[in-house]
Amino acid sequence: MKMCSKALAACMMLVILAAPCAAETLDLSDLEGIDEVQAFEEKTWTYPIPYELLTTSDYIVLANKDNLLDKDYVPEDLVKLTCRKISSDPIQMRETAANALSVMFDAAKEDGITLYAHSGYRSYQTQNTMYYNRLKSNNGVDDGIVQYPGASDHQTGLGIDVINKAGIGKKFTNAFAETKEGQWVAEHCWDYGFVIRYQADKEEITQIKQESWHLRYVGVQIAQYMRDKNLCLEEFTQEWKEAVAAYDAAGM
């Protein structure tokens, strides 16, 4: 019996001594680290625009018939434009957009191009009046000339109509696109954070007829990306939201 007890004790001692070695080879923390590395690798952001910019910028808000702004929506940082305007009447835009417009107008002037701001921020109430006046004069038909109230880019405070001197006091037409001023805008606006909001080849998507004079501020990096990929704001919004959704889902 004593021999059996001693043998049993010796076996137990061997198990105890061997335990640390087993623990070292099966360290669960190592396995957790591997999982974390794999999760990190799976959740790599590959979209060309930074995730933080897309998810925090309020300059890429989309306003259209499917994404209506609230009737009480008024941007908090509206300022009066200090750049060249068609008249002395005040025109407002959000501050960052207003500053970018002034820089763009100055750059155009250096190239011998004189631009004029025509219409910036427009309230829901003003848009509502314009829309129903358009319906009244067009036998009740919405022809895509005036946006539905809440769907106007102007209500964001980021949209601006830009024309040349010859267009002051006249009806807007896409003849502006053929002028030296319109051509300068089409070539350079992206470098100052603006996109041409309603383009001819995107009418089916925007549901608005071409407006070569209507610019929309989104920020330089995004504007240049949209130019390079030939995306309207609707297409860009769908694209970046899908990228964000896929990235977020990878971390679940």
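Data block above holds the structure.
Residues numbered from 1 in each chain as written. Predicted model: local features only at pLDDT ≥ 70, side-chain atom pairs only at ≥ 80, totals over all residues. Heavy atoms only, no water.

### A look at the overall build of the chain
Cut-off, in case you're wondering: Strands here are runs of E lasting at least two residues and helices are runs of H or I lasting at least four, both read from the DSSP assignment and numbered beginning at the N terminus. Any residue under 20% of the maximum accessible area for its type is buried, any over 50% is exposed, and the rest in between are partly exposed; the area is computed with a 1.4 Å probe on protein chains only. Only heavy atoms matter for contacts: two residues are in contact if any of them lie within 4.5 Å across the pair. Residue exposure ignores everything except the shown protein chains as possible cover, and the areas themselves are Shrake-Rupley values with a 1.4 Å probe.
Helix and strand counts for the chain stand at nine helices and six strands. The buried share of the chain, reckoned over its 252 residues, is 39%. By sequence separation, contacts in the chain at least 24 residues apart represent 69% of the contacts at least 6 residues apart. Surface exposure of the chain reaches about 14,700 Å², of which carbon and sulfur atoms provide 55%.

### Focus on the sheet that holds strand E5 (residues 194-198)
Threshold: Only when DSSP finds a minimum of two bridges between them are two strands counted as paired. The axes used here are C-alpha line fits, helices contributing only the stretch in contact, and every angle between their N-to-C directions lies in the interval 0 to 180 degrees.
The antiparallel open sheet is built from four strands, whose spatial order is E3-E4-E6-E5. The sheet is open, and its two edges are formed by strand E3 (116-119) and E5, each paired on a single side. On average, each strand axis in the sheet is inclined to that of its neighbour by 45°, with strand direction left out of account. Pairing analysis gives four bridges linking E5 to strand E6 (residues 211-217), with the strands arranged antiparallel. Following the sheet pairing, Val195 is matched in E6 by Arg216.

### Some details on the packing of aromatic side chains
Aromatic ring pairs: the centre-centre distance and the angle between the two ring planes describe each pair. Using the following cut-off: Note on aromatic pairs: the rings of Phe, Tyr and Trp (six-membered ring only in Trp) are paired at centre separations within 6.5 Å, and the planes decide the class, stacked below 30 degrees, edge-to-face beyond 60, tilted for the rest. Only Lys NZ and Arg CZ are tested; either one counts as a charge over a ring when it is within 6 Å of the ring centre and within 35 degrees of the ring normal.
If you walk through the whole model with that rule in mind, you get 12 aromatic pairs. Geometrically, the ring pair formed by Tyr131 and Tyr148 is edge-to-face, given 5.2 Å between the ring centres and 75° between the ring planes. A residue pair is termed long-range when its members are at least 10 positions apart, and Tyr131 in helix H5 (residues 124-137) and Tyr148 in the loop between H5 and strand E4 (159-163) qualify at 17 residues. A relative accessible area of 7% means that Tyr131 is categorised as buried. Ring centres 5.4 Å apart and planes at 70° place the aromatic pair Phe194 and Tyr217 in the edge-to-face group. Taken together, the positions of Phe194 in strand E5 and Tyr217 in strand E6 put the pair 23 residues apart, joining distant regions of the chain. Each of the two residues, Phe194 as well as Tyr217, counts as buried. Through a chain of ring-to-ring contacts, the aromatic side chains of Trp45, Tyr47, Tyr51, Tyr225, Phe236 and Tyr247 assemble into a single cluster. In this structure, Lys43 packs its charged tip against the face of Tyr247, placed 5.0 Å from the ring centre.

### Digging into helix H4 (residues 95-110)
Spelled out, the test is: The span one expects for a helix is its residue count, reduced by one, times 1.5 Å.
With 16 residues, H4 should reach 22 Å at 1.5 Å per residue; the first-to-last C-alpha distance of 23 Å fits that figure. Those residues of H4 that fall on the buried side of the exposure criterion are Ala97, Ala98, Ala100, Leu101, Ser102, Met104, Phe105, Ala107 and Ala108. One or two residues past the end of H4 sits Gly112, with phi positive at roughly 80°.

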